[in-house]
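Notes for the structure review
Each chain, written out:
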Amino acid sequence: MAVGKVKKRQGSKKTKKAWRKTDIQDVEDFLEDKRLEERLGVAFEDRQDHELFTVDTVPDQKGLDKFEDWKKERRNEILKQPPRCYQALLPDSKVPDPISKRNRIRTAEERKHPLLRKKEAERIEKGILKAKDLDRQRNRILDEKRRKSRPAPGDFSKDLWDESNISSALAPELGSEWLEPSVKKHVMINSDLKDKIVRSKLQCKPHNLPAVEVPHPGMSYNPSFDDHINLLKEISDKEQKLIKEDEHIKRVTTLMFKKLPRGVAEAQWIKEMSEGVPVLDPEAAKLDEEDDNDNEYRAINPPTDRDKKKDRKTRRKAIEEKRKQVERQMSKLENKKVSDLYRLRKLKEDISKAEAKSAKLKDKRIALRAKYATKTKRLGRNKFEERETDFNLASELKGNLRSLKPEGNLLADRFVNLQKRNIMEVAARQNPRRAKIKKFFKSSHKMAWEVTPLQRQLHERKKLQRTNHVTLGAK
């Protein structure tokens, strides 16, 4: 049986579904070629031969010179072109824009009214400028000064850490001792002084410790005998100190109290808690209550009497006595002032002693501040703790690095060093919280002996309800 060409099946074309069955791939390929030619410009069939092909010939010296000149011109043209990094922003299609005239948003200057534009031009001619224009001119002048004062590339004659340059650059009002460091820093940052003052006393190192500390010589892979012994002695002293502190805490807390039986401890606690509380006999308490009931109300102050009223003579004498008391107080005050004049020498001695004491306290504070300058400050909630020193015992020491047991961790060492120099806050290790999963056994999964009678009864009732529901639905 001869196999001929398969005839395409013709169907109805009146629905969209039927049109999808039509093979239009050749049409799509033709249109894609047309679009490519439009993007590249002129179609290939319409181009000349010299635009599509080049003929290679043996160049002579004159041709090489022309080629060199052309290369220079080409290099200059490439330099004038926009950078390659912006090439993705440029249009890559040669298809012209179908809409030649488009609406363009006018600039703010173009949207101004002609009368307003004319008025502003007149004000500029007269020298009347707005505040923002004056600020713009002032900033332009400052930028020009900064640009001129900037050192040339390779010029390292200026000392950035010279304090004389810093003090001369500071404004006179910033040198006042009454200003806080935060105020000076704010003024320097928000003014033109921030470019002049490169390094100041306000911008100091966070810590005086070096970024990489020199390790103990006993930590070497091949240390001397004395260095290794000194290292082990330091570590043992630290351990002994910690053991002594633990024993002290245990001695003053746990071992301080004796173990007593439960009944004796409760009786002792009741006795301690009832200390100072008066305990009366029941009969004596009853007698006290009866006495309280029999007693009548009596006022604290005695009753007044008309005959005992103060007369004029008594009042006059009381007034005279008050006046004499005030006079005596004033005379004592005057006598004290006179005596203070004679105590000037003693006061001078007291003042000199107070000044000496304050100077001594000041020196003590300076020494204390210098002492704590090299210590780690507490930047957060957690306190910095020194890392344990890495060491190897004498039996673990080897003659070469290949067989030596590694100790410590470089990453952990750098991390602790940043915390020690007050660059990072000391943070505790965070453990993620995990929700507690509630576990329980379903009643249907329990064994027969694990189900209570009440649960079995409820289970049978639910089962019966489901059966009745299914039966009623089927009817």
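Reading the values: rules and limits
Residues numbered from 1 in each chain as written. Predicted model: local features only at pLDDT ≥ 70, side-chain atom pairs only at ≥ 80, totals over all residues. Heavy atoms only, no water. UniProt positions renumbered as here; feature names shortened; annotations may be inferred. Helix = DSSP H or I, 4+ residues; strand = E, 2+ residues; numbered from the N terminus. Buried < 20%, exposed > 50% of the residue type's maximum accessible area, 1.4 Å probe, protein only. Contact = heavy atoms within 4.5 Å. Areas by Shrake-Rupley, 256 points an atom, 1.4 Å probe, with all protein chains shown as cover. 1 Å grid on protein atoms, 1.4 Å probe; cavity = no way out; pocket = protein on both sides within 12 Å on 5 of 7 lines; lining within 4 Å. Points joined across faces, edges and corners; volume = space filled by probe spheres on them. Nonpolar A, V, L, I, M, F, W, Y, C, P; charged D, E, K, R; others polar. Expected span 1.5 Å × (residues − 1). pLDDT = per-residue confidence, 0-100. Salt bridge = Lys/Arg side-chain N within 4 Å of Asp/Glu carboxyl O. Patch = residues over 30% accessible without salt bridge, like charges linked within 9 Å, V, L, I, M, F, W, Y side chains within 5 Å. Lys, Arg positive; Asp, Glu negative; His and termini not counted. Charge placed at Lys NZ, Arg CZ, Asp CG, Glu CD.

In the annotation of an unreviewed UniProt entry, the chain is listed under the name Ribosome biogenesis protein NOP53 and assigned to Frankliniella occidentalis. Turning to the chain, the UniProt annotation filed under Sequence similarities (unreviewed entry) states: "Belongs to the NOP53 family." If you open the UniProt record of the chain and go to Function (unreviewed entry), you find "May play a role in ribosome biogenesis."

Let us look at the overall build of the chain. On a plain count of helices and strands, the chain comes out with 17 helices and zero strands. Residues counted as buried form 6% of the 475 residues belonging to the chain. When contacts within the chain are restricted to residue pairs at least 6 apart in sequence, long-range pairs at least 24 apart make up 56% of them. Roughly 46,900 Å² of accessible area belongs to the chain as shown, and the carbon and sulfur atoms make up 56% of that amount.

Another point: empty space enclosed by the protein. For the coordinates displayed, the defined rule picks out one cavity of 30 Å³ or more. In this structure, the largest cavity occupies an estimated 30 Å³ of space. Lining the largest cavity, in full, are Thr-376, Lys-377, Leu-379, Gln-419, Asn-422, Met-424, Glu-425 and Val-426.

All right, on to the layout of surface pockets then. Quantified by volume, the largest pocket comes out at close to 1,400 Å³. Considering the residues around the largest pocket, the lining is formed by 39 residues, among which Met-219, Arg-387, Glu-388, Thr-389 and Asp-390 are closest to the centre. For the lining of the largest pocket, the secondary structure elements donating two or more residues are α11 (225-253) and α16 (410-420). At nine residues, α11 tops the list of elements feeding residues into the lining of the largest pocket. Broken down by class, the residue content of the lining of the largest pocket amounts to 15 nonpolar, nine polar and 15 charged.

A few words now on helix α6 (residues 114-126). In this model α6 runs 19 Å from its N-terminal to its C-terminal C-alpha over 13 residues, within 8% of the 18 Å that 1.5 Å per residue would give. Counting buried positions along α6 yields one of 13 residues, so the element is predominantly exposed. Where α6 ends, the next residue or the one after it, Gly-127, has phi of about 90 degrees, a positive value.

Turning our eyes to something else, we now look at the side chain of Asn-417. Note that Asn-417 resides in helix α16. Those residues in contact with Asn-417 that lie beyond four places of it in its chain are Pro-210, Ala-211 and Glu-213.

Here the focus is the confidence of the model for the chain. Averaged over all residues, the pLDDT of the chain equals 79, while 79% of them reach at least 70. Between residues 198-203, whose pLDDT stays under 50, and residues either more than four places distant or in other chains, the model counts 12 contacts.

A few words now on unusual backbone geometry. Of note, the phi angle at Asn-422 is positive, near 65 degrees, even though the residue is not glycine. Residue placement: Asn-422 occurs in the loop between α16 and α17 (453-474).

This brings us to the pattern of salt bridges. Within this structure, the stated rule accounts for 22 salt bridges. Measuring nitrogen to oxygen at the nearest pair gives 2.7 Å for the salt bridge that ties Asp-135 to Arg-138. In this pair, Asp-135 and Arg-138 are both assigned in helix α7 (residues 131-149), three residues apart and thus about one turn of the helix distant. Judged by relative accessible area, which is 47%, Arg-138 ranks as partly exposed. Residue Glu-386 pairs with Lys-420 through a salt bridge whose shortest N-O separation is 3.2 Å. Here the residue Glu-386 occupies a position in the loop between α15 (344-373) and α16, and Lys-420 occupies one in helix α16, the gap between them amounting to 34 residues. Put simply, Glu-109, Lys-112 and Glu-120 are held in one network by salt bridges that share partners.

Moving on: a negative patch on the surface. A cluster of acidic residues, Asp-23, Asp-26, Glu-28, Asp-29 and Asp-33, forms a negative patch at the surface. By the secondary structure assignment, Asp-33 is in helix α2 (residues 25-40).

On to a positive patch on the surface. A surface patch of positive charge is lined by Arg-306, Lys-309, Lys-310, Arg-315 and Lys-322. Mapping Lys-309 onto the fold places it in the loop between α13 (282-294) and α14 (312-342).

Right, let's get into a nonpolar patch on the surface. A surface patch of nonpolar side chains, amounting to about 460 Å² of accessible area, comprises Leu-36, Leu-40, Phe-44, Leu-52 and Phe-53. Counting through the fold element by element, Leu-36 comes out in helix α2. A relative accessible area of 36% places Leu-36 in the partly exposed class.

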